Amino acid sequence: MANAIPRVALRVGPMHDFGKIVYLDLQKTGSNFVSQFLRAACIHPERGLQKHSWVDADYREDSIYFITVRQPVMLYSSLYRFGLDQRGGVYVNLRVAGMLSVYSSFETFTDFLLDPANAVFLHPHYDRRIAEEMGFMSFRFLLLNLQAPVGRIGRCVEQGQPLSSLMQQSIINHVLKNESLNFDLLRLSTETLPEHFDRDRARAFLAAAPRANPSKMAADALRIESRELLDRVAAREQLLMTCYP
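What this report covers is the structure whose coordinates are included nearby. (Residues numbered from 1 in each chain as written. Predicted model: local features only at pLDDT ≥ 70, side-chain atom pairs only at ≥ 80, totals over all residues. Heavy atoms only, no water.)

## Here's the deal with the side chain of arginine 70
Part 1: Its location among the elements puts arginine 70 in the loop between β4 (64–69) and α2 (72–84).
Part 2: Although buried, arginine 70 forms no salt bridge, and the nearest oppositely charged side chain, glutamate 179, lies 5.3 Å from it.
Part 3: A polar atom in the side chain of arginine 70 sits 2.8 Å from the backbone oxygen of lysine 28.
Part 4: At 3.4 Å, the side chain of arginine 70 and the side chain of asparagine 178 are in polar contact.
Part 5: Apart from residues lying up to four places away in sequence, arginine 70 is in contact with Lys28, Thr29, Leu75, Ser78, Arg81, Asn178, Glu179, Leu240 and Tyr244. (Helix = DSSP H or I, 4+ residues; strand = E, 2+ residues; numbered from the N terminus. Buried < 20%, exposed > 50% of the residue type's maximum accessible area, 1.4 Å probe, protein only. Lys, Arg positive; Asp, Glu negative; His and termini not counted. Salt bridge = Lys/Arg side-chain N within 4 Å of Asp/Glu carboxyl O. Polar contact = N/O pair within 3.5 Å; in protein donor to acceptor, adjacent residues only side chain to side chain. Contact = heavy atoms within 4.5 Å.)

## A word on the pairing of β4
Part 1: When you tally the buried positions in β4, you get six out of six residues, the bulk of the element.
Part 2: Covered by surrounding structure in β4 are Ile64, Phe66 and Thr68 together with Tyr65, Ile67 and Val69, the residues of both alternating faces.
Part 3: For strand β2 (residues 21–25) and β4, the ladder comprises five bridges, and the chain directions are parallel. Opposite leucine 24, over in β4, you have isoleucine 67 as the bridge partner.
Part 4: Alignment of β4 against strand β5 (residues 174–177), held across four bridges, turns out to be parallel. Paired with isoleucine 67 across the strands is valine 175, a residue of β5. (Pairing = 2+ DSSP bridges.)

## So, unusual backbone geometry
Part 1: The phi dihedral of lysine 28 falls on the positive side, at around 65°, and the residue is not glycine.
Part 2: When you line up the elements, lysine 28 lands in the loop between β2 and α1 (31–41).
Part 3: Phi at alanine 148 takes a positive value of approximately 50°, unusual for a residue other than glycine.
Part 4: The topology assignment puts alanine 148 in the loop between α6 (136–145) and α7 (149–158).

## A word on the nonpolar core
Part 1: In this structure, Leu113, Phe136, Ile153 and Leu163 are the most contacted members of the largest nonpolar core, which totals 54 residues.
Part 2: When residues of this core are assigned to their parent elements, the largest contribution, seven residues, is made by α6.
Part 3: Residues Met15, Tyr23, Ile64 and Phe66 belong to the second largest nonpolar core, which totals 21 residues. (Core = buried A, V, L, I, M, F, W, Y, C linked by side-chain atoms within 4.5 Å.)

## What to know about the sheet that holds β5
Pairing between sheet strands relies on hydrogen bonds along the backbone, with the strands arranged either parallel or antiparallel.
Part 1: Strand order across the open sheet formed by five strands is β3-β1-β2-β4-β5, with mixed pairing between neighbours. Only two strands of the sheet have a single partner each, and these edge strands are β3 (48–49) and β5.
Part 2: As judged from the two bridges shared by strand β1 (residues 16–17) and β3, these two strands associate in the antiparallel manner. In the sheet register, aspartate 17 faces β3, and the bridge partner there is glycine 48.
Part 3: Strand contacts of α1: β1, β2, β3 and β4, with the helix running at about 165° to β2, the strand carrying the most contacts. (Axes fitted to C-alpha atoms, helices over the stretch in contact; angles between N-to-C directions.)

## Description of the environment of valine 73
Part 1: Take valine 73: it is sitting in helix α2.
Part 2: Look at valine 73 and you get partly exposed, because its relative accessible area is 27%.
Part 3: Residues valine 73 and valine 233 lie 160 residues apart in sequence; the distance between their C-alpha atoms is 7.2 Å.
Part 4: The contacts of valine 73, once residues within four sequence positions are left out, are Phe106, Ile224, Leu230 and Val233.

Everything listed here is a matter of geometry and, on its own, says nothing about what the molecule does.
What follows is the structure in structure tokens.
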């Protein structure tokens with residue numbers, strides 16, 4: 001019999017706030033690296049840092065919000081490897097519930113996350129009704145795209161509307177990809193929003209900075225061999241995949 005999972009109070013508010021620039025970090029997309037970059041290159045004073053948090057009443061229309069994303073399979077891989085290192089909220093929930101056997105393989109772990117019946121183990125606001133429409137990584141992505149997302153998502157579910165329709169209310173101005181993160185940060189700081197950055201410091205940081213917060217197992221050590229499982233990931237993570245046209 002699985003034990004009850006812990007309910008941890010969630011922090012809300014912009015993840016990394018520099019006033020005119022606010023970075024909203026999707027987990028496992030290089031957020032520590034981006035935060036280090038902002039501290040090194042952004043010309044505005046840092047106002048606050050709350051990891052993996054969304055915007056609530058503190059939304060500012062005159063601020064620029066950006067987010068980092070990553071291919072869904074690599075997000076599943078990174079979350080799996082994080083658990084193998086005995087780190088992260090999902091790992092803690094599964095450990096408390098006595099379900100660490102899901103880490104027996106990457107495919108077993110991915111299959112577990114894709115089952116809507118297991119949503120309760122992943123996030124306090126990710127219930128089965130949401131999980132039947134979208135995967136966990138798309139849900140995380142949606143949370144960060146909206147102001148006061150929990151209420152908006154709840155109302156959308158109760159009204160029987162597709163959750164993807166909420167993206168019309170997205171507060172995100174720019175999306176950067178983990179797969180090209182150095183290039184995207186350089187373009188953001190020297191071409192797209194140069195007035196908010198010291199371009200020399202941006203270039204120097206990107207030329208010298210090491211990778212932040214790596215897990216112990218290399219990403220290329222993991223593969224999903226099952227075509228059926230890959231197809232399920234693609235189908236469930238369609239919202240996140242809109243960032244990869």
